[in-house]
Amino acid sequence: MKALVTGGAGFIGSHIAKKLVDNNIEVHIIDNLSTGNLENIPFIPKSNIHIKDITDLEYIESLFQKFEYTYVIHLAAMVSVVETIEKPVQSNEVNIDASLNLLNCIKEYNPNIQKVIFASSAAVYGKLDGLPKSVDSPINPLSPYAIQKYASEQYTKMYNDLYNIPTISLRFFNIYGPRQNPKSDYSGVLSIINQKFIENQKFTFFGDGEQTRDFVYINDLVQAFWLVLNNDNVHGEVFNIGTGKQTTLNEVFDVFQENYNYTIPYEYKEERQGDIKYSYADVTKLQKIGYSPQYTIKEGIREYLKYNESTLDEK
Ligand code: NAD
Ligand code: UD1
């Protein structure tokens, strides 16, 4: 069995690739290394890593002409909301056109594929009054990023409706864990807090720290991924990937303090423009197919820090 993972050198993609390899599935990766890193995927042979842009339509087509894939997992994207606002046209090419091309190549060359999974985002909900956010809630995309994720998600569904391609979209909430890059201002906040603790630098809370998020440890995402990959009754569906619990940023900071056993300087500044105050996922649909998140925020952060220690030991 062969899988193609786009964006496989990134944070989530590298964990998904590892899960597939551990289950004896040959993994091919396409990644332009814009935010990903080859160090994330030492377990993939160089010959199966295609350092290419997902918008290189001819190259993508040539891959499908050459290989028959059992699974395609599509994660490559312009992931920064701010960058999609600055580059609406270019981000459309990466986040919509390339997804559509991929679906079309599958239809043309690989119609017997067993699963196509697309990485969508909780960003599609935008600001909603009601909580938790359910896949039946209205959508309200507030950025090119959110519009593009929604569009690709709907194309993904349409290829199931029209052509019977077994597709699924997953709306990720706030995923965290090893290999998440903390370097940008818009990196996941947990990776930023962790980095500040490591470097003993000041952390800035935007707002009062009472905003909540549904923080999902990467192993729980991998569990959900594996469940949908192996379920043939969910084609054409959309799932939230969350834990069903919300945690404030102040609580998260406290858990880091407890684990590090020291504190770092911190300050409260004005809220980020357009920031969402409260967010968490309704995961009942996922629970119905056997999902049961294993990591509370405390357990997830502890696991995350254990991984940090083990990689520091290796250096
Ligand atoms: P990441 O930046 O670590 O991974 C994205 C990968 O895609 C990187 O390896 C990058 O080099 C690659 N890439 C980007 N543009 C590309 C292009 N044009 N051609 C080829 N490769 C390209 O981010 P991640 O957190 O692992 O995100 C994976 C997916 O999940 C993305 O689609 C993202 O939008 C989505 N998502 C993530 C979260 C989260 O909490 N991390 C939340 C919602 C949605
Ligand atoms: C996440 C996505 C974003 C998407 C949004 C929509 C990530 C990294 N971002 O943003 O792409 O548009 O969901 O739902 O997954 N914060 C601080 N200090 C910091 C950094 C962040 O206080 O240094 C705060 C933010 O203002 C926010 C919270 O922490 O209130 C979480 O921030 P972040 O990790 O960027 O995630 P989202 O805002 O949920």
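In this text, all values refer to a predicted model and were calculated from it rather than measured experimentally.

J.: Explain the packing of aromatic side chains residue by residue, including any values.
T.: Inspection of every chain in the model, using the stated rule, returns 21 aromatic pairs. The interplanar angle of 75° and the centroid separation of 5.5 Å between the aromatic rings of Phe 64 and Tyr 69 together place this pair among those described as edge-to-face. The residues Phe 64 and Tyr 69 share a single accessibility class, namely buried. Across the ring face of Phe 43, the terminal group of Lys 18 is positioned such that the distance to the ring centre comes to 5.8 Å.

J.: How would you explain empty space enclosed by the protein if you had to name every residue and give the values?
T.: In total, this model carries three cavities of 30 Å³ or more according to the counting rule given. One number sums up the size of the largest cavity: a volume of about 50 Å³. Every residue along the wall of the largest cavity is listed here: His 74, Ser 99, Leu 102, Leu 103, Ile 106, Val 116, Ile 117, Phe 118 and Thr 156. Residue assignment for the lining of the largest cavity shows that the elements contributing at least two residues are helix 4 (88-109) and strand 5 (115-121). Per element, the largest residue contribution to the lining of the largest cavity is four residues, and it comes from helix 4. For the lining of the largest cavity, the per-class residue count stands at six nonpolar, three polar and no charged. The volume enclosed by the second largest cavity comes to roughly 40 Å³. Of the residues in the lining of the second largest cavity, the class split is two nonpolar, two polar and four charged.

J.: Lay out the domain arrangement of the protein chain in plain terms, naming residues and giving numbers.
T.: Each assigned domain of the protein chain is listed with its residue range as follows: domain 1 (2-174 + 216-241) and domain 2 (177-214 + 244-280 + 295-314). Using only C-alpha atoms to locate each centre, domain 1 and domain 2 end up separated by 25 Å. Summing both sides of the interface, domain 1 and domain 2 together bury roughly 1,700 Å²; the carbon and sulfur share of this comes to 57%. Looking at the side of domain 1 facing domain 2, the largest losses of area belong to Phe 11, Leu 131 and Tyr 217, adding up to 34% of the total buried there. For the interface between domain 1 and domain 2, the tally reads zero salt bridges. The interface formed by domain 1 and domain 2 holds eight residue pairs in polar contact (both at pLDDT 80 or more) in total.

J.: Describe helix 4, and please don't skip the residues or the numbers.
T.: For helix 4, which comprises 22 residues, the first-to-last C-alpha distance of 30 Å matches the rise-based estimate of 32 Å (1.5 Å per residue) to within 8%. Of all the bends in helix 4, the greatest, near 30°, is centred on Asp 97. For helix 4, the set of buried residues is Ser 91, Val 94, Asn 95, Ile 96, Ala 98, Ser 99, Asn 101, Leu 102, Leu 103, Cys 105 and Ile 106.

J.: With reference to specific residues and values, describe the pattern of salt bridges.
T.: Scanning all chains against the criterion turns up eleven salt bridges. Among the ionic pairs, Glu 153 bridges to Arg 171, the shortest N-O distance being 2.5 Å. Of this pair, Glu 153 sits in helix 5 (residues 144-163) while Arg 171 sits in strand 6 (residues 167-172), placing them 18 residues apart in sequence. The buried category is assigned to Glu 153, whose relative accessible area is 0%.

J.: So what's going on with the site of ligand 2? Which residues, and what values?
T.: Around ligand 2, a shell composed of 18 residues is seen, among which Val 189, Thr 204, Phe 206, Arg 213 and Asp 275 lie nearest. Phe 206 places a polar main-chain atom, nitrogen or oxygen, 2.8 Å from an oxygen atom of ligand 2. Residue Asp 275 places a side-chain N or O atom 2.6 Å away from an oxygen atom belonging to ligand 2. Coverage of ligand 2 by the protein amounts to 83% of the 730 Å² it exposes when considered alone. Of all the elements in the fold, those that place two or more residues in the shell around ligand 2 are helix 6 (189-199) and strand 8 (203-206).

J.: How would you sum up the site of ligand 1? Please name residues and give values.
T.: Residues in close proximity to ligand 1 total 29 residues, the closest being Asp 31, Thr 35, Leu 75, Tyr 145 and Lys 149. Here an oxygen atom of ligand 1 and a backbone polar atom of Phe 11 are 2.8 Å apart. Within the backbone of Ile 175, an N or O atom sits 3.0 Å from an oxygen atom of ligand 1. Coverage of ligand 1 by the protein amounts to 91% of the 830 Å² it exposes when considered alone. Counting residues per element, the ones that place at least two in the shell around ligand 1 are helix 1 (11-22), strand 5, helix 5 and strand 7 (174-176). Considering only residue class, the shell around ligand 1 consists of 15 nonpolar, ten polar and four charged.

J.: Tell me about the sheet that holds strand 1 (residues 2-6), and please be specific about residues and values.
T.: Spatial strand order, 3-2-1-4-5-6-11: seven strands in an open sheet with parallel pairing. Lying at the two open borders of the sheet, with one neighbouring strand each, are strand 3 (49-50) and strand 11 (237-241). Two elements, strand 1 and strand 2 (residues 26-30), share five bridges in a ladder whose sense is parallel. By the bridge assignment for strand 2, Thr 6 is matched with Ile 30. Of the strands in this sheet, strand 1, strand 4 (71-74), strand 5 and strand 6 are in contact with helix 4, which crosses strand 4 at around 175°.

The rules behind these values
Residues numbered from 1 in each chain as written. Chains lettered and ligands numbered in written order. Predicted model: local features only at pLDDT ≥ 70, side-chain atom pairs only at ≥ 80, totals over all residues. Heavy atoms only, no water. Phe/Tyr/Trp six-rings, centres within 6.5 Å; stacked < 30°, edge-to-face > 60°. Buried < 20%, exposed > 50% of the residue type's maximum accessible area, 1.4 Å probe, protein only. Lys NZ or Arg CZ within 6 Å of the ring centre and 35° of its normal. 1 Å grid on protein atoms, 1.4 Å probe; cavity = no way out; pocket = protein on both sides within 12 Å on 5 of 7 lines; lining within 4 Å. Points joined across faces, edges and corners; volume = space filled by probe spheres on them. Helix = DSSP H or I, 4+ residues; strand = E, 2+ residues; numbered from the N terminus. Nonpolar A, V, L, I, M, F, W, Y, C, P; charged D, E, K, R; others polar. Domains from an automatic or database assignment. Buried area = accessible area lost by both parts, 1.4 Å probe. Salt bridge = Lys/Arg side-chain N within 4 Å of Asp/Glu carboxyl O. Polar contact = N/O pair within 3.5 Å; in protein donor to acceptor, adjacent residues only side chain to side chain. Expected span 1.5 Å × (residues − 1). Bend = angle between axes of the 7 residues up to and from the residue. Near = heavy atom within 4 Å. Areas by Shrake-Rupley, 256 points an atom, 1.4 Å probe, with all protein chains shown as cover. Pairing = 2+ DSSP bridges. Contact = heavy atoms within 4.5 Å. Axes fitted to C-alpha atoms, helices over the stretch in contact; angles between N-to-C directions.

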